Amino acid sequence: MTVVEPSFFRTDFLDDASLSRTARQIEDYHASVGKTRAAAADFNHGQRGDPRKLAGAMLQLVNAENPPLRLPLGSDTVERIETKNAFVAKELAEWRTVATSTDFTK
């Protein structure tokens, strides 16, 4: 089993024809959902990912003798994972002493 983590690929996925949106927009959610709606519209057909190359990567995956547990596809997904991993490593380094202080003492 492999968890495929695709980034945004240049398809019609973000088009109004593909996305279902509620007619009613609640002002309290403007900063969250509203921001996401606007970003999707601005991002549409500007995605970095090439769907043909995604298909090729998927074929490589299904034919792999030793497939990975996780496979991020797309440079923007790789960047997000690297940013998150760096944050987690930094936070762990700062709190390592506290984190490991909870073990039984021999």
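The preceding data block contains the structure.
Read on for an overview of the structure. Bear in mind the structure is a predicted one, so any value in this text is a computation, not a measurement.

## Section: the environment of Val62
Working step 1: Mapped onto the elements, Val62 comes out in helix 2 (residues 51–62).
Working step 2: On the accessibility criterion, Val62 (60% relative accessible area) is exposed.
Working step 3: Between the alpha carbons of Val62 and Thr2 there is a distance of 9.4 Å; along the sequence they are 60 residues apart.

## As for the side chain of Gln47
Working step 1: Tracing the backbone through its elements, the reader meets Gln47 in the loop between helix 1 (30–43) and helix 2.
Working step 2: Judged by relative accessible area, which is 1%, Gln47 ranks as buried.
Working step 3: From its side chain, Gln47 meets the backbone oxygen of Phe9 in a polar contact 3.5 Å long.

## Here we look at helix 3 (residues 75–100)
Working step 1: Between its first and last C-alpha, helix 3 extends 35 Å over 26 residues, near the 38 Å set by a 1.5 Å rise per residue.
Working step 2: Of all the bends in helix 3, the greatest, near 55°, is centred on Glu94.

## A closer look at the pattern of salt bridges
Working step 1: Here the structure, examined in full by the defined rule, presents three salt bridges.
Working step 2: With its nearest N and O atoms 3.4 Å apart, the salt bridge here joins Glu5 to Arg70. Of this pair, Glu5 sits in strand 1 (residues 3–6) while Arg70 sits in strand 2 (residues 70–73); the two residues are 65 residues apart in sequence, bridging distant segments of the chain.
Working step 3: Judged by relative accessible area, which is 21%, Glu5 ranks as partly exposed.

## Looking at a nonpolar patch on the surface
Working step 1: A contiguous nonpolar surface patch, about 350 Å² in accessible area, is contributed by Met1, Val3 and Leu69.
Working step 2: The residue Leu69 is located in the loop between helix 2 and strand 2 in this model.
Working step 3: The exposure class of Leu69 is exposed, given its relative accessible area of 54%.

## So, the environment of Asn44
Working step 1: Mapped onto the fold, Asn44 is located in the loop between helix 1 and helix 2.
Working step 2: Linking Asn44 and His30, residues 14 residues apart in sequence, is a C-alpha distance of 20 Å.
Working step 3: Apart from the residues within four sequence positions on either side, Asn44 is in contact with Thr11, Leu14 and Asp15.

## Quick word on helix 1
An α-helical turn contains 3.6 residues, so a residue and the one three or four places further along point in the same direction.
Working step 1: The first and last C-alpha atoms of helix 1 sit 18 Å apart over 14 residues, in line with the 20 Å expected at 1.5 Å per residue.
Working step 2: Where helix 1 is concerned, the buried positions are Gly34, Arg37 and Ala40. Seen from one end, helix 1 has its buried residues packed into an arc of 120°, which puts them on one side. Relative to its buried face, helix 1 has exposed residues pointing more than 90 degrees away, namely Ala31, Lys35, Thr36 and Asp42.
Working step 3: Phi turns positive one or two residues past the end of helix 1, at His45, with a value near 65°.

About the criteria used
Residues numbered from 1 in each chain as written. Predicted model: local features only at pLDDT ≥ 70, side-chain atom pairs only at ≥ 80, totals over all residues. Heavy atoms only, no water. Helix = DSSP H or I, 4+ residues; strand = E, 2+ residues; numbered from the N terminus. Buried < 20%, exposed > 50% of the residue type's maximum accessible area, 1.4 Å probe, protein only. Polar contact = N/O pair within 3.5 Å; in protein donor to acceptor, adjacent residues only side chain to side chain. Expected span 1.5 Å × (residues − 1). Bend = angle between axes of the 7 residues up to and from the residue. Salt bridge = Lys/Arg side-chain N within 4 Å of Asp/Glu carboxyl O. Patch = residues over 30% accessible without salt bridge, like charges linked within 9 Å, V, L, I, M, F, W, Y side chains within 5 Å. Areas by Shrake-Rupley, 256 points an atom, 1.4 Å probe, with all protein chains shown as cover. Contact = heavy atoms within 4.5 Å. Arc of directions from axis to C-beta.

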